Amino acid sequence: MKLKITLAISFLSLLIVFAAFKMDDDPFSQLLQKFEDYTSKYPQEKVHLHLDKPYYAIGDDVWFKAYVVNTKTSAPSNISKILYVELINEKDSIKKQVKLPIMGGITWGDFKLTDSLGEGNYRIRAYTNYMRNFGTDFFYDKTIKIGNSWANKVFTKTTYNFTKENNADKVTATVHFEDKNGVAYSENEVSYDVQLDYRSVAKGKVKTSLAGDAVISFINNQSFQNKSGKIIATITLPNKQKVIKSIPITSTSNNVDVQFMPEGGTLVEELPQKIAVKAVNADGRGEDVEGSIVDESGNEVTNFATGYLGMGNFVFNNQGGKLYSAKVKFKDGSEKTLKLPVAVKSGYALSVNALDTGKVVAKIMASADLVNGNELKVVAQSGGNVYYVSKAKMDKQVLMANIPKKNLPTGIVQFTLFSSSNQPLAERLVFIKNKADLIDVSLNASGVSASKRGKSAFTFDATNNNKPVLGSFSVAVTNTAKVTPDENNESNILTSLLLTSDLTGYVENPNHYFLKDDLQTQKELDNLMLTQGWRRFLWKNIINNVGPSITFKPEQSITISGTVTKGNKPVPGGKVMLMATKGTMYILDTVTNAEGKFVFDNLSFGDSTKFVVQARTKTERKFVDINLDVVPGQIVTKNKNGADIDINVNNSLMRYIKESDNYFNEMTRLGLLERTIKLDEVTITEKKNPAKNSSNLNGAGRADFILTADQLSTCVTLSQCLQGRLPGVIFRGNIPYLMRSQNIPVSIIVDGMRMEPDFLDNVIPSDVESIELLKNIGNTAIYGSQGSGGVIIITTKRGDGGTSTARYAPGIVTFNPKGFTVSREFYSPKYDAGNSNSSRADLRTTIYWNPQVVTDKDGKAQFEFYNADEPGTYRVVIEGIDATGQLARKVYTYDVK
């Protein structure tokens, strides 16, 4: 495929000597073709989740819509057809996972936050299997707060004080304990375990004061390594009940890290360059600083100050042979001297200015000794597509060019300067805002009601460049009196797909850069570009032909595959049958290829579906081995957005979780709430079900007699194990019969699949987890005529054994793969003339959620809902995408009296 490049070069007086670049067969053209081939061969995906609200309480539902985009085309992705969405707790443990089918780059689903979860800082992570090839940095990963008042007796509020002791960090934590009504737990015993990066550094016991405060101190001797962790505090209540609280530690000092980064990457002597400043505190958040630059003699050269979130820049000319330092002053009045990066004596500098509304100005500067006519090149690319290329002979010390912004895409654009030998010399990121690339949503709110339980009807027109847009949109409505938006720190479709998905590390307050389009905000966004790293494509990998290792293939459907072998050799032409035993009905068959491999694809089934895979040779011999292809689960990496962690979640969300309490109490009164029952001061010892994984239609463990694995370890065949051990059962050969019906063999069921009566000895005793015998009519009736002679239910080892597959006989394997999660429908009450005066209080926290509002051919769509009982400012958020990848976001508010 030949590379297509749009050239957009305008010259500025005599300084501009960029030559229009023509594609030919020179080495640089070949490099650009390699880039095109590379990015086409390894297209990547981005994911954004539109959540119904920014934070939650235990008992809430989390509703979301996923938008999956191909970075190469910017359009909804057709690479993957399956998305994984996970809820991860503070222990980096996956608490919930849903598997969803992607249709045209979109899908939607939900989580139920049951009261088995605790309050804390959770993460919602989303990715496709294919995205795993490029690292977890590319996943959608959002930190959310989940409060708990509904099933919570103890609330904490923690403050930290940091000092130094023998050059080590000393931390003093004051933890306040109180109940839901704000009454302090006075003089209660608290035991604690302080953990930094999962390593215990301090343990002890204290008592709360009369005010309910417990003071916990500890030393961090490895502050360079252990910077975060948690305090596990166990308080003993007056009724002797022990309640465990996990309190985050986000840092152990007040240290602020300050970095100086020359524009383009390298500081060059005798060239005026922009130097970016970034100051980050120990929590990972930006902190403003100021200071001055001094030379070796202590003479002040210039001043600097950061302007927003610890970021800023200043222009500096490093004189030849001199070294410089920065005297930095922090907000607490302390000062620190840091060395500036050492300048090279000879080199190039790249400067890019994107603050002009209509153009981007690119400038190349060279040391005097490099003004030699060597040919340099500049390339601007975004998402793996090249939008600008030029060549220039360096026969002047400064070269400049103007690039119209209309020729560049919305989002992050990477400018790279190449040497005459086609090696990257300097790099600069800029952010382009082209309104022409976004969908305009014109909302008609004339049908909105300002009354409680009133019907609010909306219509909207979606257009781009005044042409109607056919797109998919999601709508979330909340009452800001209950759910207060943090507009600066919102993750939305613009921040996710245009900004944070292409930057390394944590981006603080990403939506701040989209709320306004004034010059000051553009400068703040440009400082982010100067200080944040690029991560999508590395030119050195393309030059050196180093591509990512594609271990995880794009999933087009749920697939069950594997290999059939006999004596470690593949079995070609083998017969393989797939049978679903629980959850759905499947009976499929196929034949292995020359390598003994088989595939069942285009499958679609729900979660908790169990399968049996059976294989035979061409001659029906069953003594073969089946090795299923099982993709390992994705590990949970450390939270990259640790700066978003709130050490006092419940306290921060107190207003919201108390509002949620009212809603849950009303639902409980009406008997409409699903919850886990928790009993006070009662210890219930549950007898472990010896057959908990059984497919017994009466319910696991409901049988007349049960044998477990530890009772089956002394025999060679299963019939030998069972003879004399199953009450009321006799054996003829290896076939079991009930004494009361000796003409009808006992039915054999293995992992939900009915087998022939003589199948018993095909099951290896050591592979069995439990055996249930059903004799009485009350237990066998559910099996109909198949149970007339009794039933033996064999469950093979899995579950507690830790695997989802079990091989219990030659040629037979059971498999319990992850199936699709069925998405629920958001309940939105309708108040018509018949029920508008219902006595049931409507205290919804999410007023309305609709993940799929589709515009017609004229770009028109509509949605409607009824207001709740509580007044406030209702906030409507619309996000969407069209077939070409153009994005939309609209926020509208109205008052309900």
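Further up the page is the structure itself.
This one's a predicted model, so the numbers in the text were calculated from it and none came from an experiment. (Residues numbered from 1 in each chain as written. Predicted model: local features only at pLDDT ≥ 70, side-chain atom pairs only at ≥ 80, totals over all residues. Heavy atoms only, no water.)

K.L.:
Please clarify how the overall build of the chain should be interpreted in this entry.
P.N.:
A tally of regular secondary structure across the chain gives nine helices and 55 strands. Along the first, second and third principal axes, the C-alpha set of the chain runs to 105 × 75 × 70 Å. Expressed as a percentage of the 897 residues in the chain, the buried residues total 53%. Accessible area for the chain stands at about 39900 Å²; split by element, carbon and sulfur atoms hold 49% of it. Averaging the positions of the 106 positive and the 94 negative side-chain charges in the chain gives two centres separated by 4 Å. (Helix = DSSP H or I, 4+ residues; strand = E, 2+ residues; numbered from the N terminus. Buried < 20%, exposed > 50% of the residue type's maximum accessible area, 1.4 Å probe, protein only. Areas by Shrake-Rupley, 256 points an atom, 1.4 Å probe, with all protein chains shown as cover. Lys, Arg positive; Asp, Glu negative; His and termini not counted. Charge placed at Lys NZ, Arg CZ, Asp CG, Glu CD.)

K.L.:
What is the right way to look at the sheet that holds strand β28 (residues 398-404) in this model?
P.N.:
Backbone-to-backbone hydrogen bonds pair the strands of a sheet. The strands run either parallel or antiparallel. Pairing is antiparallel in the open sheet, where three strands are placed in the order β24-β25-β28. Edge strands, defined here as strands with exactly one partner in the open sheet, are β24 (348-353) and β28. The mean inter-strand angle of the sheet, taken between neighbouring strand axes irrespective of direction, is 15°. Of the pairings in the sheet, the one linking strand β25 (residues 359-366) to β28 comprises seven bridges and is antiparallel in character. Bridge pairing in β28 places Val361 opposite Asn402. (Pairing = 2+ DSSP bridges. Axes fitted to C-alpha atoms, helices over the stretch in contact; angles between N-to-C directions.)

K.L.:
Help me understand the sheet that holds strand β7 (residues 106-112), please; the structure alone is not making it clear to me.
P.N.:
Overall, antiparallel pairing links the three strands, which are arranged β2-β4-β7 in an open sheet. Edge strands, defined here as strands with exactly one partner in the open sheet, are β2 (45-51) and β7. Strand-to-strand twist of the sheet, defined as the mean angle between neighbouring strand axes without regard to direction, takes the value 25°. When strand β4 (residues 61-70) meets β7, the two strands line up antiparallel, connected through seven bridges. Among the inter-strand pairings, Trp63 is bridged to a residue of β7, identified as Asp110.

K.L.:
What is the right way to read the environment of Phe458 from this model?
P.N.:
Structurally, Phe458 is set in strand β32 (residues 455-464). Taking the C-alpha atoms as reference, Phe458 lies 7.1 Å from Leu443; in sequence the two are 15 residues apart. Setting aside chain neighbours within four positions, we find Phe458 in contact with Leu443, Asn444, Ala445, Val448, Ala861, Gln862, Phe863, Phe865, Val876, Tyr892 and Tyr894. (Contact = heavy atoms within 4.5 Å.)

K.L.:
Where do I start with empty space enclosed by the protein in this structure?
P.N.:
With a probe scaled to a water molecule rolled over the atoms, the places where space remains empty come into view. Evaluation of the coordinates by the stated rule reveals four cavities of 30 Å³ or more. A volume near 320 Å³ is recorded for the largest cavity. Asp141, Ser491, Thr500, Lys640 and Asn641 are, among the 24 residues lining the largest cavity, the residues nearest its centre. Those elements that place two or more of their residues in the lining of the largest cavity are β2, β9 (140-147) and α2 (493-499). In terms of residue count, the dominant contributor to the lining of the largest cavity is β9 (three residues). When its residues are assigned to classes, the lining of the largest cavity shows eight nonpolar, eight polar and eight charged. (1 Å grid on protein atoms, 1.4 Å probe; cavity = no way out; pocket = protein on both sides within 12 Å on 5 of 7 lines; lining within 4 Å. Points joined across faces, edges and corners; volume = space filled by probe spheres on them. Nonpolar A, V, L, I, M, F, W, Y, C, P; charged D, E, K, R; others polar.)

K.L.:
Would you take a moment to explain the nonpolar core for this structure?
P.N.:
Most often, soluble globular proteins have nonpolar side chains that are buried together. In this structure, Leu49, Leu51, Val85 and Ile124 are the most contacted members of the largest nonpolar core, which totals 52 residues. If sequence neighbours within four positions are ignored, Ile124 has contacts with Leu49, Leu51, Val62, Val85, Glu86, Leu87, Tyr140, Asp141, Lys142 and Ile144. Met579, Leu718, Ile748 and Val750 belong to the second-largest nonpolar core, a separate cluster that totals 26 residues. (Core = buried A, V, L, I, M, F, W, Y, C linked by side-chain atoms within 4.5 Å.)

K.L.:
Explain the pairing of strand β29 (residues 411-418) here, please?
P.N.:
On a regular strand, one side chain projects to one face of the sheet and the next to the other, so that they alternate. In terms of burial, β29 is largely enclosed, as eight of its eight residues are buried. The pairing of β29 with strand β30 (residues 424-432) spans eight bridges and is antiparallel. Bridge pairing in β30 places Thr416 opposite Glu427. In sequence, β29 turns back onto β30 through a hairpin of five residues, with Asn422 there showing a positive phi of about 65°.

K.L.:
Would you explain the environment of Lys818 in this entry?
P.N.:
Its place among the elements puts Lys818 in the loop between β51 (812-815) and β52 (846-854). Sequence-wise, Lys818 and Lys207 are 611 residues apart; in three dimensions their C-alpha atoms are separated by 47 Å. Excluding its chain neighbours within four sequence positions, the residues that come into contact with Lys818 are Gln97, Lys99, Ile558, Phe605 and Asp607. Reaching out from Lys818, the side chain makes a polar contact with the backbone oxygen of Gln97 at a distance of 3.0 Å. (Polar contact = N/O pair within 3.5 Å; in protein donor to acceptor, adjacent residues only side chain to side chain.)

K.L.:
Help me out: how do you make sense of helix α1 (residues 27-41) in this one?
P.N.:
Structural remark: α-helix, 3.6 residues per turn; residues separated by three or four positions point the same way. Between the first and last C-alpha of α1 there are 21 Å, a value that for 15 residues agrees with the 21 Å anticipated at 1.5 Å per step. Burial in α1 covers these residues: Phe28, Ser29, Leu31, Leu32, Gln33, Phe35, Glu36, Tyr38 and Thr39. For α1, the elements touching its buried residues are β26 (375-382), β27 (385-393), β29 and α5 (539-543). (Expected span 1.5 Å × (residues − 1).)

K.L.:
Please explain the pattern of salt bridges as it appears in this structure.
P.N.:
When charged atoms on two side chains of opposite charge get close, those side chains can pair. For the structure on display, the rule yields 36 salt bridges. The partner of Lys53 in a salt bridge is Asp52, with the nearest N and O atoms 3.4 Å apart. We classify Lys53 as buried; its relative accessible area is 5%. The salt bridge involving Glu620 is made with Lys575; its shortest N-O contact spans 2.7 Å. Here Lys575 lies in strand β37 (residues 575-582) and Glu620 lies in the loop between β40 (610-616) and β41 (625-628), a separation of 45 residues in the sequence. Of the residues examined, Lys575 reaches a relative accessible area of 39% and is grouped as partly exposed. (Salt bridge = Lys/Arg side-chain N within 4 Å of Asp/Glu carboxyl O.)

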